[in-house]
Amino acid sequence: MKLILIYLLIMNLLGFFLMRTDKRKAIRKEYRIPEKILFLSSLLGGSIGTWAGMYVFHHKTKHWYFVWGMPFILLVQVVIGWILYTEGILTPPFN
C-alpha cells in the first residue's frame, strides 16, 4: 500500500508540473505538451495534480473536456479505490 501511495504522489506531482510546463510553453509560443499526454498522466493516477495544476496556473480551464474530464477521471478513480477497499483488496497504509 505504501508503494501505491508513493506512486500516486509521484504521478500527481508529474501531472501538476506538466500543466505548469505546458502553460509556460503556451505563453512563450513554444512547442506544447500534447493534450493526450496531460490526460494520460491523469488517467495513470495523477488526476488530483493535473486538476490542481489547471486552476493554479489557469491553464486549460476554458476547454470543457478538461473542466469536466479531469474531475470525472478523479471520481472514477475514487470509486475504484473505494470498491477495492471495501472488498478488502486494499488496506489502510497506516495500521
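Note that the coordinates shown come from a computational prediction; the quantities given were computed from them, not determined experimentally. Sequence order as written defines the numbering, with residues in each chain counted from 1. Two thresholds apply to this predicted model, a pLDDT of at least 70 for residue-level local features and 80 or more for giving and counting side-chain atom pairs, whereas whole-chain, interface and lining totals are computed over all residues. Values reported for side chains reflect all heavy atoms of the structure, with hydrogen atoms and water molecules removed beforehand.

Caption draft 1: How the structure looks around the overall build of the protein chain. Helices and strands together make up the secondary structure of the protein chain, namely three helices and zero strands. In this description a helix means any DSSP run of H or I spanning at least four residues, a strand means any run of E spanning at least two, and both kinds are numbered starting from the N terminus. Mapped from its N terminus to its C terminus, the protein chain presents α and β elements in the order α-α-α. For every residue, the accessible area (1.4 Å probe, protein chains only) is compared with the maximum for its type, and the residue is labelled buried under 20%, exposed over 50%, or partly exposed between those bounds. Among the 95 residues that make up the protein chain, the fraction classed as buried is 27%. Contacts are assigned to residue pairs that have any heavy atoms within 4.5 Å of one another. Contacts in the protein chain between residues at least 24 apart in sequence constitute 65% of all its contacts with a sequence separation of at least 6. Element-wise, carbon and sulfur atoms account for 73% of the exposed surface of the protein chain, whose accessible area totals about 6700 Å². A distance of 10 Å separates the average location of the 11 positive side-chain charges in the protein chain from that of its 4 negative side-chain charges. Computed by Shrake-Rupley with a 1.4 Å probe, the accessible areas treat only the displayed protein chains as cover when residues are assessed. Charge assignment in this entry is limited to Lys and Arg as positive and Asp and Glu as negative, and neither His nor the chain termini are counted. A single reference atom marks each charge: NZ on Lys, CZ on Arg, CG on Asp, CD on Glu.

Caption draft 2: Inspection of the packing of aromatic side chains at higher detail. Between 30 and 60 degrees the pair is tilted, below 30 it is stacked and above 60 it is edge-to-face, where a pair is any two Phe, Tyr or Trp rings, Trp via its six-membered ring, whose centres lie within 6.5 Å. Counted by the stated rule, this structure contains six aromatic pairs. Relative to Phe66, the ring of Phe39 has its centre 4.6 Å away and its plane inclined at 40°; by these criteria the two rings are tilted. Of this pair, Phe39 sits in helix H2 (residues 35-56) while Phe66 sits in helix H3 (residues 64-86), placing them 27 residues apart in sequence. With respect to burial, Phe39 and Phe66 carry one shared label: buried.

Caption draft 3: Summary view of a nonpolar patch on the surface. A grouping of Met1, Ile4, Leu5, Tyr7, Leu8, Ile37, Leu40, Leu43 and Leu44 is seen on the molecular surface, where their side chains present a nonpolar patch of about 720 Å² in accessible area. Looking at the nonpolar patch, the elements that each hand over two or more residues are helix H1 (2-27) and H2. Within the secondary structure layout, Ile4 lies in helix H1. Exposure above 30% relative accessible area and no salt bridge define the residues that can form patches, which grow by joining like charges within 9 Å and nonpolar side chains of Val, Leu, Ile, Met, Phe, Trp and Tyr within 5 Å. The rule for a salt bridge is simple: a side-chain nitrogen of Lys or Arg has to be within 4 Å of a carboxyl oxygen of Asp or Glu.

Caption draft 4: Inspection of the side chain of Ser47 at higher detail. You can see Ser47 is positioned in helix H2. Under the relative-accessibility criterion, Ser47 is labelled buried at 1%. Aside from chain neighbours lying at most four places away, what touches Ser47 is Asn12, Ser41, Ser42, Met70, Ile73, Leu74 and Gln77.

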